[in-house]
Amino acid sequence: MEEVKKIIANIKKGIIAPIYFLMGEEPYFIDVVANYLEKHLLEEDQKGFDQLVLYGQDVTVPTIIDYARRFPMMAERQLIIIKEAQNLRASIDQLVPYVENPTASTVLVFCYKYEKLDARKKLLKSLGKNQDCVVMESKKLYENQVISSFLPDVMKKKHLSIQPKATQMLVDFLGNDLSRIENEVNKLALIVPANTEVTPDIIEKNIGISKEFNNFELKSAFATNDKVKIARIIKHFAENPKDNPLVVTLTVLYGFFQKLLIYHSLTDVSDKNVMAATKATFFDVKDLRSAAQHYPMKKVSAIMAGLREIDVKSKGVGAASTTPADLLKELMMVING
């Protein structure tokens, strides 16, 4: 996320804002900025006196303001980080007077996760008027953004690279959970030598995702209507449910057929336009072209409805005695029945 890089670059240059209001659905980028400030703004011997971490559920806005109005003891600035700041929701507009006149020697950081601050709140308007404040909205990344930029960037920082198929295996398994992806890359970096190109074999050996029996291969098998391959993968999933959670399979397949529905609505099916319209990866575009020949739009709509029904059953609604293996067989029938 370019905004995160810009904020951190400014901090490195000594351009420090009095208030950082970090909000949005994606907690990863909020943590990146807050953790960087927590680690680098003060020297280690200053942190005990001039660094304070509070939690939204444990503190009131007036208390935060009282702390923020104090002067640092050992450092040029004091750092106050409010984690889980979304729990201040009811009283957060009480911060407006402080935002209008913040203490120059205080750096106040709000980690407002999983949602945006209501645009009707006076606080957001006040933050916007104060040009010295930093307001960052952390948005969820689409799968294609994870594949094209986030994962390669994380790999590069660990002096690794990754093959395209290995990338797709990781993202199909982990989704767009950026923290989990980073954790898995960190584990790999401890195991494999620097400057290694990560292959599907390395992923299979060290992360436990089978290079042959995984959701990426299942999705491609459905796309090409390869019934033998589909049956083999479904059988493997049924025999190894802990390694292949049904919820992940349903999420991957539902996302793919959702993209296919969009694909069917396009008049321009060039690679560029398909990727832009569906937020698909390069691999998905190839599979979408193939799948379009086997699944007309009406069939795709029926498949998506069937997948939703299986998802409900997997949660025990109306099918308490149905096993994951039974639902996998039903899934196969829904798509290729």
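About the criteria used
- For every chain, the first residue of the written sequence is number 1, and numbering continues from 1 onward in sequence order.
- Two thresholds apply to this predicted model, a pLDDT of at least 70 for residue-level local features and 80 or more for giving and counting side-chain atom pairs, whereas whole-chain, interface and lining totals are computed over all residues.
- To obtain the side-chain values, all non-hydrogen atoms of the structure were included, while hydrogens and water were left out.
- Only protein chains enter the area calculation, which uses a 1.4 Å probe; residues under 20% of their type maximum are buried, those over 50% are exposed, and those in between are partly exposed.
- A helix here means a DSSP run of H or I that spans at least four residues, while a strand means a run of E at least two residues long, and both kinds are numbered starting from the N terminus.
- In this analysis, strands are considered paired if DSSP registers two or more bridges between them.
- UniProt positions are given in the numbering used here, feature names are shortened, and annotations may be inferred rather than shown by experiment.
- Any two residues whose heavy atoms approach within 4.5 Å are treated as being in contact.
- Throughout, an axis means a line fitted to C-alpha atoms (over the contacting stretch in the case of helices), and angles, computed between N-to-C directions, take values from 0 to 180 degrees.
- For classification purposes, an angle smaller than 35 degrees is called roughly parallel, one larger than 145 roughly antiparallel, one from 65 to 115 roughly perpendicular, and anything else oblique.
- When we speak of the arc, we mean the arc of directions from the helix axis to the C-beta atoms.

### Let's talk about the pairing of strand β4 (residues 106–113)
Of all eight residues making up β4, eight are buried, and the element is well covered by its neighbours. Burial of β4 is two-sided: the residues Thr106, Leu108, Phe110 and Tyr112 facing one way and the residues Val107, Val109, Cys111 and Lys113 facing the other way are all buried. As paired strands, strand β1 (residues 19–24) and β4 are joined by six bridges and run parallel to one another. Counterpart to Gly24 in the pairing with β4 is Lys113. Direction of pairing for strand β3 (residues 78–83) relative to β4: parallel, over a ladder of five bridges. Paired with Leu79 across the strands is Val107, a residue of β4.

### Re the UniProt feature "domain: DNA polymerase III delta N-terminal" (unreviewed entry) in the protein chain
The UniProt entry lists residues 20–131 under the feature "domain: DNA polymerase III delta N-terminal" (unreviewed entry), expressed in the numbering used here. A distance of 12 Å separates the end C-alpha atoms of residues 20–131, which is 38% helix and 21% strand.

### Concerning the environment of Pro200
For Pro200, the location among the structural elements is in helix α10 (residues 200–207). On the accessibility criterion, Pro200 (10% relative accessible area) is buried. Those residues in contact with Pro200, other than ones at most four positions away along the chain, are Gln163, Lys165, Ala166, Met169 and Lys211.

### Focus: the environment of Met1
Looking at where Met1 falls in the secondary structure, it is placed in the segment before α1 (2–13). Ignoring anything within four residues of it in the chain, the contact list for Met1 reads Phe29, Met136, Glu137 and Ser138.

### Considering the sheet that holds strand β2 (residues 51–55)
Here we have five strands laid out as an open sheet, ordered β2-β3-β4-β1-β5, and parallel in their pairing. Strand pairing shows two members of the sheet lacking a second neighbour, β2 and β5 (134–137), which therefore form its edges. Across this sheet, the average inter-strand angle for adjacent strands is 10°, counted without regard to direction. Pairing of β1 with β5, which is carried by four bridges, proceeds in the parallel orientation. Bridge pairing links Leu22 to Met136 in β5. The sheet strands contacting α1 are β1 and β5, and the helix crosses β5 at an angle near 150°. Sheet strands in contact with helix α6 (residues 122–129) are β1 and β5, and its direction is about 130° off that of β1.

### A short note on the packing of α1 against helix α2 (residues 27–40)
For the pair α1 and α2, interaxial distance at closest approach is 10 Å and the crossing angle is 5°. Judged by the inter-axis angle, α1 sits roughly parallel to α2. In this structure, α1 uses Val4, Ile7, Ile8, Ile11 and Lys12 to contact α2, whose residues at the interface are Phe29, Val32, Val33, Tyr36 and Leu37.

### Observations regarding α6
What α6 keeps buried is the set Leu123, Ser126 and Leu127. All buried residues of α6 fall inside an arc of 100° around its axis, so they share one side. Opposite the packed face of α6, turned more than 90 degrees from it, sit the exposed residues Lys125 and Lys129. On the buried face of α6, the contacting elements are β1, α5 (96–100) and β5.

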